[in-house]
Amino acid sequence: MKPFATLLLRDIKLAARSGGGAALALSFFALVATLVPLGVGPDLRLLARMAGGILWVAAVLAALLSLDRLFQGDFEDGSLEVIALSPLPLELTALAKIAAHWFSTGLPLALLSPLLALLFNLAPPATLILFVSLLIGTPAVSAVGAIGASLTLSLKRGGLILPLIILPLLSPVVIFGAGAVALSLDGLSPGNALGLLAAFAFAAMLLSPFAAAASVRLNLGS
Amino acid sequence: MISSLTAENLACARGDKKLFDSLNFRVSAGQALAVEGANGAGKTSLLRMIAGFLAPVAGRIVVKMDARENDDAEERGKSIGWLGHQDGLKPQLTVIEQLTFFAQLYGGPANPALLEQVGLARQADLPCRYLSAGQRRRLALARLLAAQRPLWLLDEPFAALDASGQRLVAHLMARHCGNGGIIIAATHEALGLGNESLKL
């Protein structure tokens, strides 16, 4: 377990220090969430209705900003070869990187969301659902993103293709996440939407390390 | 402990270009092999093939370990210490953080004495972005030592090093072979180990 924790902690440290993507993702999320109410105008009912969808899409796009570097940095500077020869299997390497991305991006995005929900006049119960949906849905963003990041590893400017690969795969996350908030606003139980979101995230976390590891292996041989 | 590594009829192609074929060699414990050849002859590709990153077009690589022969690349990877032509260092991490990370990743303790061995003891708390190319190479050597692997694959081990750095590499390689390790190094310079060389 120690090599796994070592890699996880190093990646969180790298994301937090200068040049890491964590601060960038949070700033992007905050800026989009601030600009949309300014653009839409002071219709509080409309803003509350839009909040779930806008904040979810903004969170996914924000997480995407740092996703292309998930394996790229290690690939370019030669650390990935050293990591690949370590006792840690590549599947667990991918899982550690997914977890590090979530801790440094997904979790802070979820924690910031209640504050940004104030700008949309979102009712407290719906804000809570938004927070919970981001908390359980963002691991899927990191996991599915890892597949895209590993596929575009040896491409120059692969970051431009990455959204084309993973955004369609992430549509269920946005549908269930924003849907849960909308259900809560309508006074209905968001339990089913949250359940489906959790199931999707769980499956993504379980399967994507294998896909990402296979793709990293392929790129190391290129 | 690995007792020998044998390449049998190895062939390598990159894209449509054939780099080498029918390559045979054998390195036993305590020996070093210098892989020589012009730029683009396939030295790095051969090292990547031994490391298991690149699949051979034909032939196989057999490692004899504890009187058991094995040609599985993944199994072989667990014995390999890798020093590629890139140093694999992060500009944001300090020298000691970098070494600790790799040591723990390979399941060993982080030994600050390794920094002393490679002449970086005074730079321990310096972020890697401030290191010179030669100092980065020395840190990569410390990482190689921390991994404690019997089969060293070195790509241009003398690159970017000054005279004392080159003596250090020669000393570390001699010690590794003396302890029964195996070294395969792609290089343009003599290893100085009384070793065999392979011309690609």
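You'll find the structure just up there.
Keep in mind that this is a model prediction, so the values were computed, not measured.

Student: Go over the overall build of chain A with me, naming the residues and quoting the values.
Tutor: If you tally the helices and strands in chain A, you get ten helices and zero strands. In summary, chain A has a C-alpha radius of gyration of 18 Å against a globular reference of 17 Å for 222 residues, a match within 12%. Seen through its principal axes, chain A has C-alpha atoms that stretch 55 × 35 × 30 Å. Taking all 222 residues of chain A together, 52% fall into the buried category. Long-range contacts, defined as pairs at least 24 residues apart, comprise 82% of the intrachain contacts of chain A with a sequence gap of at least 6.

Student: Kindly report on the overall build of chain B, identifying the contributing residues and their values.
Tutor: Counting its secondary structure elements, chain B contains six helices and nine strands. Against the globule reference of 16 Å for 200 residues, chain B gives a C-alpha radius of gyration of 17 Å, in line with a compact fold. A burial count over chain B gives 42% of its 200 residues as buried. In chain B, the proportion of contacts linking residues at least 24 apart, taken out of those at least 6 apart, comes to 71%.

Student: Account for the interface of chain A and chain B, naming residues and giving values.
Tutor: Facing 21 residues of chain A, the contacting portion of chain B comprises 21 residues. Secondary-structure elements contributing two or more residues to the side of chain A that touches chain B are α1 (2-16) and α5 (79-84) of chain A. By residue number, the principal contributor to the side of chain A that touches chain B is α1(A), which donates six residues. Here the residues of the side of chain A that touches chain B sort into nine nonpolar, seven polar and five charged.

Student: Could you give me a rundown of helix α6 (residues 163-178) of chain B, with the residues and numbers involved?
Tutor: All names here are of chain B. Counted at 1.5 Å a residue, the expected span for α6 with its 16 residues is 22 Å, and the 22 Å between its end C-alpha atoms agrees. All of the buried residues along α6 are Gly165, Val169, Leu172, Met173, His176 and Cys177. Along the axis of α6, the buried residues cluster in a sector spanning 130°; they form a single face. Residues of α6 that are exposed and point more than 90 degrees away from the buried face comprise Ala163, Ser164, Arg167, His171, Arg175 and Gly178. On the buried face of α6, the contacting elements are β3 (32-36), α5 (133-147), β7 (151-155) and β8 (182-186). A positive phi of about 90° marks glycine 180, the residue just after α6.

Student: Break down the nonpolar core for me, citing the residues and quoting the values.
Tutor: A:Leu55, A:Ala59, B:Leu153 and B:Ile184 are the most contacted members of the largest nonpolar core, which has 133 residues in total. In terms of residues, this core owes the most to one element, helix α7 (residues 124-151) of chain A, which gives 14 residues. Setting aside chain neighbours within four positions, we find A:Ala59 in contact with A:Phe29, A:Leu109, A:Leu134 and A:Thr138.

Student: Quick one: what's the story with the sheet that holds strand β4 (residues 58-65) of chain B, residue by residue and with numbers?
Tutor: All names here are of chain B. The strand order β2-β1-β4-β5 describes an open sheet built from four strands, whose pairing is antiparallel. With one partner strand each, in any of the chains shown, β2 (17-28) and β5 (68-70) form the two edges of the open sheet. Between one strand and the next, the sheet's axes are offset by a mean angle of 15°, whatever the strand orientation. Note that strand β1 (residues 2-14) and β4 share seven bridges and pair antiparallel. Note on β4: the bridge partner recorded for leucine 5 is valine 63. The strands touched by helix α1 (residues 43-51) within the sheet are β1, β2 and β4, with β1 carrying the most contacts at an inclination of about 125°.

Student: Tell me what's going on with the sheet that holds β3(B), and back it up with residues and numbers.
Tutor: Residues and elements named next belong to chain B. As summarised here, the arrangement of the five strands in space is β6-β7-β8-β3-β9, forming an open sheet in which the pairing is parallel. Each of the sheet's edge strands pairs with one partner strand only, and the pair in question is β6 (80-83) and β9 (196-199). The mean angle between the axes of side-by-side strands here comes to 15°, regardless of whether they run parallel or antiparallel. Where β3 lies against β9, four bridges are found, and the strand directions are parallel. Bridging across to β9, glutamate 36 finds its partner in lysine 199. Packing against the sheet, α6 makes contact with β3, β7 and β8, and its axis sits at approximately 145° to β8.

Student: Could you give an account of the packing of α7(A) against helix α9 (residues 171-185) of chain A, with specific residues and numbers?
Tutor: Residues and elements named next belong to chain A. Contact geometry of α7 with α9 gives a least axis separation of 9 Å together with a crossing angle of 170°. Viewed along their axes, α7 and α9 adopt a mutual orientation that is roughly antiparallel. Each of Pro125, Ala126, Ile129, Leu130, Ser133, Leu134, Gly137, Ala140 and Val141 in α7 lies in contact with α9, whose residues at this interface are Val173, Gly177, Ala180, Val181, Ser184 and Leu185. Counted by class, the contact of α7 with α9 contains eleven nonpolar, four polar and no charged residues.

Student: Quick rundown of the environment of B:Pro127? Include the residues and the values.
Tutor: Residues and elements named next belong to chain B. Take proline 127: it is sitting in the loop between α4 (113-117) and α5. On a C-alpha basis, the gap between proline 127 and glycine 108 in space is 22 Å, while along the polypeptide they are 19 residues apart. Residues in contact with proline 127, not counting those within four places in the same chain, are Pro91, Gln92, Leu93 and Thr94.

Calculation rules
- Residues numbered from 1 in each chain as written.
- Chains lettered and ligands numbered in written order.
- Predicted model: local features only at pLDDT ≥ 70, side-chain atom pairs only at ≥ 80, totals over all residues.
- Helix = DSSP H or I, 4+ residues; strand = E, 2+ residues; numbered from the N terminus.
- Rg over C-alpha atoms; globule rule 2.2 N^0.38 Å.
- Buried ≥ 20, exposed ≤ 12 C-beta atoms within 10 Å, placed from the backbone.
- Contact = placed C-beta atoms within 7 Å.
- Nonpolar A, V, L, I, M, F, W, Y, C, P; charged D, E, K, R; others polar.
- Expected span 1.5 Å × (residues − 1).
- Arc of directions from axis to C-beta.
- Core = buried A, V, L, I, M, F, W, Y, C linked by C-beta atoms within 7 Å.
- Pairing = 2+ DSSP bridges.
- Axes fitted to C-alpha atoms, helices over the stretch in contact; angles between N-to-C directions.
- Parallel < 35°, antiparallel > 145°, perpendicular 65-115°, else oblique.

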